[in-house]
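A look at the structure
So you can see what is in the structure, the chains are spelled out below.
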Amino acid sequence: MPLPLNGVEQRAANPRANMGSLEMLEILAKKDDLIKDLEKKLKVKDDEITELRSQLDKFQSVIPYSAGSSSKDQPRKTRAQGISAEPQALRTIQELSELSQTTFPEVAKSQRSKDLLRQAILENDFLKNLEIGQVKEIVESMYSVTYEEGSLIIKEGDIGSMLYIMEEGRVEVSKEGKVLCYMSPGKVFGELAILYNCKRTATIKAATSCKLYAIDRKCFQTIMMRTCLIRQAEYTNFLKSVPTFQSLQEETLIKIADVLEETYYTQGDYIIRQGARGDTFFIISKGRVRVTMKSPGTLEEKYIRNLEKGEFFGEKALQGEDIRTANIIADDPDGVTCLVIDRDSFKQLIGNLEEIKQYYGPDISRRKMNEEFSSVELADLRKIATLGVGGFGRVELVQIAGDSSRSFALKQMKKSQIVETRQQQHIMSEKDIMLEANCDFIVKLFKTFKDRKYLYMLMESCLGGELWTILRRQERHQRRGLGFGCLLR
């Protein structure tokens, strides 16, 4: 009688059963690999969600959002909130000159640290569009700070003024007591504090001992302003050398300088081709170009001359002549950089060139209007009704005592709230601009007053309602009319 076989002997004696076990092992191995792959993808998605939540918090700190529910029959109305970048005080020419020459001491750091800081700035959504020169200055000005494990770096709700980039260590990011994520070296945080005067959106603690680099708002904004002033002055000086622009006023030249764009060309590139249509004007800011021209009936290009830094070409394109009369070729081993403006941008910003060459004297009708209201005092105004209430105060419908034929809008703003939100310079700019404006499409400002608590603006009253409201009503009526017309058909 044969002895019973053990498990191994049974599998050896039954190849089909052995093959089934191998297939099962292979299936299980594939499933394990699939699970690992899905786990990796899930982790990537979780990281993306965490990053998006962080970005959402940043945007919501600049544009407050209320998620309150509302009824379909009676929509809930909330007062709109305005967000404004921190205003900069107007400066004298001497102060601007000093600002343009301001420099900050360079803080010594290794090349590795500089590369890490530069890469972190260029990868940040709020800072990646800075110019290379600005990024370099920011990197050079940043200084090192260290935090021990458990130290509080940023507290949610505080007003901040520092930007940080982490070089070593790990930090914990939390909001309302809930941990959102951990950040490793090469990450920027606190960037909104140097762009806006707003509260911190999250709490950041040192999860380990950390080494950070920091820069404060004042230093950052000075670098930005100084860079812009230097560039604006350089571009304006270029424009003054162009005969087409020599008769223009300084303010107009500055406007043109603000819309100039830098374009780079490598050696041998055709910037302009003869006979082609074009609508752009160029000023050479770096390098040299070669001017050539083809004679009729030949393909050979005849050398005319070279143009250097500060010289220009294509100015006739701004006046409507769009056929190029010569070739302009980049002729510098290091490449050529040009300041460029196109005809549409020029006309949109400046208007007709011949018109702006004329000098327009002071607006006589506006001057008479200001003289008419020069003797009006705050006590002469009689309140009729309230037109509206806004974030800074209210607007009253008033009449001047003894004159019932006209009505005005008196805008009153709380001094304390203006100071608290640091809007003093914005209010002064609004006053200066509106006192000069004399256009049928701009509300006129006649006079300003003040007392211990409020600032007042006596303005033209426009009692027809908001344009947006009127357009919405008209659209609603048109839809109703269309529906009735369809029924008639």
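Residues numbered from 1 in each chain as written. Predicted model: local features only at pLDDT ≥ 70, side-chain atom pairs only at ≥ 80, totals over all residues. Heavy atoms only, no water.

This part is about the overall build of the chain. In terms of regular secondary structure, the chain is built from 14 helices and 21 strands. Across the 489 residues that make up the chain, the buried fraction comes to 32%. The contacts in the chain between residues at least 6 apart in sequence include a share of 70% that link residues at least 24 apart. (Helix = DSSP H or I, 4+ residues; strand = E, 2+ residues; numbered from the N terminus. Buried < 20%, exposed > 50% of the residue type's maximum accessible area, 1.4 Å probe, protein only. Contact = heavy atoms within 4.5 Å.)

Pairing within the open sheet is antiparallel, and its four strands lie in the order β1-β8-β3-β6. Two strands lie at the open edges of the sheet, namely β1 (143–147) and β6 (188–189), each paired on one side alone. Relative to strand β8 (residues 210–216), β1 is paired through five bridges, and the arrangement is antiparallel. Note on β8: the bridge partner recorded for tyrosine 147 is cysteine 210. (Pairing = 2+ DSSP bridges.)

By the secondary structure assignment, lysine 447 is in strand β20 (residues 445–450). Among buried Asp, Glu, Lys and Arg side chains, lysine 447 stands out as unpaired, with glutamate 377 the closest opposite charge at 4.5 Å. Dropping the residues within four chain positions of it, lysine 447 is found in contact with Phe373, Ser374, Ser375, Val376, Glu377, Tyr456, Met457 and Leu458. (Lys, Arg positive; Asp, Glu negative; His and termini not counted. Salt bridge = Lys/Arg side-chain N within 4 Å of Asp/Glu carboxyl O.)

Attention now moves to the nonpolar core. In terms of nonpolar packing, the biggest core is built from 20 residues, with Ile138, Met142, Leu163, Ile165, Ile215 and Phe220 touching the most fellow members. Here phenylalanine 220 is in contact with Leu127, Leu130, Ile138, Ile194, Leu195 and Ile215, once residues within four sequence places are set aside. In this structure, Ile154, Tyr164, Met183 and Ala214 belong to the second largest nonpolar core, which totals 18 residues. (Core = buried A, V, L, I, M, F, W, Y, C linked by side-chain atoms within 4.5 Å.)

Let us look at the packing of aromatic side chains. Throughout the structure, instances matching the rule amount to seven aromatic pairs. Ring centres 5.6 Å apart and planes at 85° place the aromatic pair phenylalanine 373 and phenylalanine 408 in the edge-to-face group. Note that phenylalanine 373 is positioned in the loop between α11 (364–372) and β17 (381–389) and phenylalanine 408 in strand β19 (residues 403–414), a separation of 35 residues in sequence. Take phenylalanine 373 and phenylalanine 408: they sit in the same class, and that class is buried. Through a chain of ring-to-ring contacts, three or more aromatic side chains come together here, namely Phe373, Phe408 and Phe446. (Phe/Tyr/Trp six-rings, centres within 6.5 Å; stacked < 30°, edge-to-face > 60°.)

Another point: helix α5 (residues 132–141). Here α5 has its buried residues at Gln134, Val135, Ile138, Val139, Glu140 and Ser141. For α5, the elements touching its buried residues are α4 (111–122), β1, β8 and α7 (217–240).

Positive phi, normally seen in glycine, also occurs at glutamate 176, with a value near 55°. Mapped onto the elements, glutamate 176 comes out in the loop between β4 (171–175) and β5 (178–183).

Extensive coverage of strand β16 (residues 336–342) is indicated by the burial of six of its seven residues. Alignment of strand β9 (residues 261–265) against β16, held across five bridges, turns out to be antiparallel. Paired with threonine 263 across the bridge in β16 is cysteine 338. Where strand β11 (residues 280–286) lies against β16, six bridges are found, and the strand directions are antiparallel. The residue bridging isoleucine 284 from the neighbouring strand is cysteine 338, located in β16.

To continue, consider the packing of α5 against α7. For the pair α5 and α7, the least separation of the axes is 10 Å and the interaxial angle reads 150°. By the angle between their axes, α5 is roughly antiparallel relative to α7. Considering the relative orientation of α5 and α7, their crossing is right-handed. Within the contact between the two elements, α5 uses Gln134, Glu137, Ile138 and Ser141 and α7 uses Cys219, Phe220, Ile223, Met224, Arg226, Thr227 and Cys228. (Axes fitted to C-alpha atoms, helices over the stretch in contact; angles between N-to-C directions. Parallel < 35°, antiparallel > 145°, perpendicular 65-115°, else oblique. Left-handed = near helix turned anticlockwise from the far one by under 90°.)

Summarising the element assignment, lysine 136 is placed in helix α5. On the basis of relative accessibility, which here comes to 53%, the residue lysine 136 falls in the exposed class. Distance in space between the C-alpha atoms of lysine 136 and lysine 114 is 8.8 Å, their sequence separation being 22 residues.

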